[in-house]
Structure formats: structure tokens, C-alpha cells
Amino acid sequence: MLFRSHGLVQRLWKAHDAGNGATPLSVYLYGDFIKGFTRLEDHEAATIVISFPGIWSSDPELANRALDQIERLVGRNSDTYVIAEARRAASAEMIDEAERSRLVVALNDLVRRSPGSVGALLVLSDLLRTGADPDWSASATFLRRVLELRPDQVGLYPTAIQLHQRIGDRDRAIEYLQRYQALAGDSAAARRRVALFVAQ
């Protein structure tokens, strides 16, 4: 099935990264072999759209269509919808504290039922860094659990390094920096991250 293609997702990420996230995702989604993607024919397609970094700021119309499609197909009480709604909330410039609290409770419940849900763990970590009173330590804990499950996710290490520096866990920050260097290689981004770490 097209929407389950790992290669498709990787191609989208690479295209988005190459443009520094400035181009609306819909531009890529209308590429030669993926024109059907934006029809969001199933909730997996919509979930991929929702999980794309910066989607709520770069292409809010497509993001809202995806969220509506998830609600229509699997319902507001589904785990998929809870994660998608939390992604939207975590990306907002201003977050309603009551909504944030409600979503944190819902995500904690989801994680208890499905401790291996990378999507729930990751968005919970993101959400805990928002609002008037961010919980940096809890955010770091959930991000660590994501990296235990998916240590190959190179894009998560800069945030993990920064979080652990913030909470004073320098040993863990160094460990993640070393992992990041091993995965990212001698890239400009890796060199910048090492320089920032050494300067702090």
C-alpha cells in the first residue's frame, strides 16, 4: 500500500529538509508518483501528514484537513486522534492550559496502555515543553523512552542533548551527543551541535 511505504516517507522528509521547511508540504505531496496522497484516503495517510515537522505552521490547511479526516475515519476517542490533536496543540504559539492538561492526561493514559507507542511518547514530550510551566524533566524522560525504542532517530538527538543540558544531566547529554555524532557523521549540523555543546 502506497501510504505504508517507508521510502515515500523518507523522500518527503529529505525534500522538506532540503528546502529548510519553507515550502508547504502539499507541494511535495503533489509530486509525480504521490499525487493521490493529499486525498487522505485513509487515516494512515492523514497520520503521516499530521506527524510531518512544522506542518501546522507551513501548511495549516492540509494539517486541518488531515485532522478532520482522522476524526471522521476513526473518531475523536481513538488513540490516533488524541495523538494528532496533541500535535496540533504542541505546535500552537499560545496553548490553552486547560487543553494542555487534558491532553497530557489523555496521553499519559495512552502510554500506560501502550508503552511502546513512539508517537504518543514523542508528542507527550513535546507537549510537556509548552505552556506557562513547562516540565523539562518529564519531557526529557519521555524523550529518553523514545530513543530507547528508536535509537536510530537521528533528528531527535539535538533536542535530547539540549533537554538534558537544561536539567543538569551532563552525562546523558554527552552520551546523546556521541550517539548523534555516530549517526550524523561529519555533517555541518553535527559540527554545529558539538560546537554549541562545548561552548556551554
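Before any of the text, the structure's been laid out above.
Here the structure is a predicted model, which means the values were calculated and not measured.

1. Quick look at the environment of alanine 106
- Within the secondary structure, alanine 106 is located in helix α7 (residues 97–113).
- According to the relative accessible area criterion, alanine 106 is partly exposed, its value standing at 25%.
- Separated by 27 residues in the primary sequence, alanine 106 and aspartate 79 place their C-alpha atoms 9.0 Å from one another.

2. Describing the packing of helix α6 (residues 79–91) against helix α8 (residues 118–127)
- Interaxial distance between α6 and α8 falls to 9 Å at its minimum, and their mutual angle equals 25°. In terms of orientation, α6 and α8 fall into the roughly parallel class. The interaxial crossing formed by α6 with α8 has left-handed handedness. Touching Ile83, Ala86, Arg87, Ala89 and Ala90 of α6 are Gly119, Ala120, Val123, Asp126 and Leu127, all from α8.
- Broken down by class, the residue content of the contact of α6 with α8 amounts to seven nonpolar, one polar and two charged.

3. Examining a negative patch on the surface
- A surface patch of like charges, here negative, comprises Asp96, Glu97, Asp133 and Asp135.
- Mapped onto the fold, glutamate 97 is located in helix α7.

4. Some details on the pattern of salt bridges
- Enumeration according to the criterion identifies twelve salt bridges in this entry.
- Between arginine 76 and glutamate 85 there is a salt bridge, and its shortest N-O distance comes to 3.9 Å.
- Taking the relative accessible area as the measure of exposure, glutamate 85 reaches 7% and is therefore buried.
- A salt bridge links aspartate 152 to arginine 150; the nearest nitrogen and oxygen atoms lie 3.4 Å apart.
- Judged by relative accessible area, which is 45%, aspartate 152 ranks as partly exposed.
- Judged by relative accessible area, arginine 150 falls into the partly exposed class, the value being 35%.
- Ionic contacts of the salt-bridge type, sharing partners, join the residues Glu71, Arg76, Glu85, Arg88, Glu99 and Arg102 into one network.

Cut-offs applied
Residues numbered from 1 in each chain as written. Predicted model: local features only at pLDDT ≥ 70, side-chain atom pairs only at ≥ 80, totals over all residues. Heavy atoms only, no water. Helix = DSSP H or I, 4+ residues; strand = E, 2+ residues; numbered from the N terminus. Buried < 20%, exposed > 50% of the residue type's maximum accessible area, 1.4 Å probe, protein only. Axes fitted to C-alpha atoms, helices over the stretch in contact; angles between N-to-C directions. Parallel < 35°, antiparallel > 145°, perpendicular 65-115°, else oblique. Left-handed = near helix turned anticlockwise from the far one by under 90°. Contact = heavy atoms within 4.5 Å. Nonpolar A, V, L, I, M, F, W, Y, C, P; charged D, E, K, R; others polar. Patch = residues over 30% accessible without salt bridge, like charges linked within 9 Å, V, L, I, M, F, W, Y side chains within 5 Å. Areas by Shrake-Rupley, 256 points an atom, 1.4 Å probe, with all protein chains shown as cover. Salt bridge = Lys/Arg side-chain N within 4 Å of Asp/Glu carboxyl O. Lys, Arg positive; Asp, Glu negative; His and termini not counted. Charge placed at Lys NZ, Arg CZ, Asp CG, Glu CD.

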